[in-house]
Amino acid sequence: MIQYNGEQIKIGYFPDNTFLLKKEVKEEKVEIKWFFERNEELVALYFLVQHLREHGVKEIQLQMPYIPNARQDRVKEPEDIFTLKYFASLINEMGFSKVTVLDPHSYVSEALIDRLEVQTPKKYVAKVIEKLETERHKQILLFFPDEGACKRYSTMFPRPYIFGMKKREWKTGEITGLEVLGETEEIAGRGVLIVDDICSRGGTFLHSARALKKLGAEEIYLYVSHCENTILEGELLKGDLLKKVYTTNSIFTKEHKKVEVLEYE
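Definitions and limits used
Residues numbered from 1 in each chain as written. Predicted model: local features only at pLDDT ≥ 70, side-chain atom pairs only at ≥ 80, totals over all residues. Heavy atoms only, no water. Phe/Tyr/Trp six-rings, centres within 6.5 Å; stacked < 30°, edge-to-face > 60°. Helix = DSSP H or I, 4+ residues; strand = E, 2+ residues; numbered from the N terminus. Buried < 20%, exposed > 50% of the residue type's maximum accessible area, 1.4 Å probe, protein only. Core = buried A, V, L, I, M, F, W, Y, C linked by side-chain atoms within 4.5 Å. Axes fitted to C-alpha atoms, helices over the stretch in contact; angles between N-to-C directions. Parallel < 35°, antiparallel > 145°, perpendicular 65-115°, else oblique. Left-handed = near helix turned anticlockwise from the far one by under 90°. Contact = heavy atoms within 4.5 Å. Nonpolar A, V, L, I, M, F, W, Y, C, P; charged D, E, K, R; others polar.

### Side note on the packing of aromatic side chains
Scanning all chains against the criterion turns up nine aromatic pairs. Between Trp-34 and Phe-36 the ring centres are 5.9 Å apart and the planes differ by 65 degrees, which places this aromatic pair in the edge-to-face class. Seen in terms of ring centroids, Phe-144 and Tyr-161 are 5.5 Å apart; in terms of plane orientation they differ by 55 degrees. Their pairing is tilted. Residue Phe-144 is located in strand S9 (residues 141-144), and its partner Tyr-161 is located in strand S10 (residues 161-168); the two are separated by 17 residues in the primary sequence. You can call Tyr-161 partly exposed: its relative accessible area is 28%. Feature note: the residues Tyr-13, Phe-19, Tyr-46 and Phe-47 constitute an aromatic cluster, connected by ring pairs.

### Looking at the nonpolar core
Generally speaking, nonpolar side chains in soluble globular proteins are found buried as a group. Counting 35 residues, the largest nonpolar core has Ile-32, Trp-34, Leu-45, Met-64 and Ile-91 as the members making the most contacts within it. Among the secondary structure elements, those contributing two or more residues to this core are strand S1 (2-4), strand S5 (29-34), helix H1 (41-54), strand S6 (59-63), helix H2 (83-93) and strand S7 (98-102). Examining the composition of this core, we find that six residues originate from one element, H1, more than from any other. Among the nonpolar cores identified, the runner-up in size contains 26 residues, and Phe-143, Ile-162, Leu-206 and Ala-209 belong to it.

### Describing the packing of H1 against H2
For the pair H1 and H2, interaxial distance at closest approach is 10 Å and the crossing angle is 20 degrees. As the angle between them shows, H1 and H2 are arranged roughly parallel. The handedness of the crossing between H1 and H2 is left-handed. Across the interface between the two elements, Leu-42, Leu-45 and Tyr-46 from H1 touch Phe-87, Leu-90, Ile-91 and Glu-93 from H2. Considering only residue class, the contact of H1 with H2 consists of six nonpolar, no polar and one charged.

Take a look at the structure:
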């Protein structure tokens, strides 16, 4: 979904399935928000920006909470296509005065996109903590499922935390389990909030929740800045292991009783 100064851009189609786009331009300064749903929106964004330039708009800011193609942030084989690099080139070509993103999955994207402003998820996690501690728990315990998450988020909140160390099958790279480290004596009888940047089907968080439950966690919650719709296809939301998932509306477009969506600001 693409918004122009808060108004959604309607993407229509001609019979040959090419875009039919309309936008009256009156402003000199424009803010575009792109809540990624599919790759073809990139083409619509490019057409819109060129239209704005031709009508005299000098300053265009882009808010893109989720960075598409960030998963392909490196290449290992000659046949691998470096999609993040080329995606960033297209964004840079549009010449935005500022590109704002939320909690990017890859540091590579931060190096590739010009005039980038990175928002941390601190205010969203703080909202979840406040909600849980007001309604259910005296003091929620934070859990970071791997070293990367621990480095990114542990300094944001001055409170006890624990972290995970993934166990993988050496040949396949598949996660087979997870060890909980840190102040593990704090877990028993406590509510625990897992914090990370992105969730697909939730395998990492399923292993995390199982390990935390074995150590006596009372209720387990998850915050991720970006939750893919594919979470509904995994095992994470089934049963009572995980109480609730909190996420922003950066890419999640479905509904589920266990998923609470926070409005991106």
